[in-house]
Amino acid sequence: MRIVNPTFGLSAAVGETMALKPINWATDAIALMSNSKPNARELLEGVRAKLGAFRNVDNIVYHSKNSASQAAPKDQIEKVAANFRGALLALGD
């Protein structure tokens, strides 16, 4: 498992480099991504409720894959990447 501080990002191992704008977890739009396993939605709803104690949660939006056994569709990933500055993933069971 690799745990990364999301406020800094990672540079690509090869190829073009670019400056990453840090995520402001207090105001930026956040996608809550579920892998569609049991309890993943409940976990993410709990995270959203906890975040509501110190920030507006109107731009924290829940998303889920069609099936736990399949990857998220490319168009869903592109939509999330285009509309949200950060994402929290739930891999519940």
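Calculation notes
Residues numbered from 1 in each chain as written. Predicted model: local features only at pLDDT ≥ 70, side-chain atom pairs only at ≥ 80, totals over all residues. Heavy atoms only, no water. Helix = DSSP H or I, 4+ residues; strand = E, 2+ residues; numbered from the N terminus. Buried < 20%, exposed > 50% of the residue type's maximum accessible area, 1.4 Å probe, protein only. Contact = heavy atoms within 4.5 Å. Areas by Shrake-Rupley, 256 points an atom, 1.4 Å probe, with all protein chains shown as cover. Polar contact = N/O pair within 3.5 Å; in protein donor to acceptor, adjacent residues only side chain to side chain. Phe/Tyr/Trp six-rings, centres within 6.5 Å; stacked < 30°, edge-to-face > 60°. Lys NZ or Arg CZ within 6 Å of the ring centre and 35° of its normal.

Colleague: Describe in detail the overall build of the chain, supporting the description with residues and values.
Modeller: Across its full length, the chain carries two helices and three strands. Put simply, the chain runs from its N terminus to its C terminus through helices and strands in the order β-α-β-α-β. Considering the chain as a whole, with its 93 residues, one finds that 26% of them fall into the buried category. Considering only contacts within the chain whose residues lie at least 6 apart along the sequence, 70% involve residues at least 24 apart. Split by element, the accessible area of the chain, about 6800 Å² in all, is 57% carbon and sulfur.

Colleague: So what's going on with the environment of Ser67? Residues and values would help.
Modeller: By secondary structure assignment, the location of Ser67 is in the loop between strand 2 (60–64) and helix 2 (74–83). With 31 residues separating them in the primary sequence, Ser67 and Ser36 have C-alpha atoms 5.9 Å apart. Those residues in contact with Ser67, other than ones at most four positions away along the chain, are Asn35 and Ser36. Polar side-chain contacts of Ser67 include one of 2.9 Å to the side chain of Ser69.

Colleague: Tell me about unusual backbone geometry, residues and numbers included.
Modeller: Positioned with a positive phi, Ser36 is a non-glycine residue whose angle comes to about 70°. When you line up the elements, Ser36 lands in the loop between strand 1 (30–34) and helix 1 (40–51). Unusually for a residue other than glycine, Asn39 sits at a positive phi of about 75°. Tracing the chain through its elements places Asn39 in the loop between strand 1 and helix 1.

Colleague: Explain the packing of aromatic side chains residue by residue, including any values.
Modeller: One pass over the full model with this rule turns up zero aromatic pairs. If you follow Arg41 out to its NZ or CZ, it ends over the ring of Tyr62, 3.8 Å from the centre.

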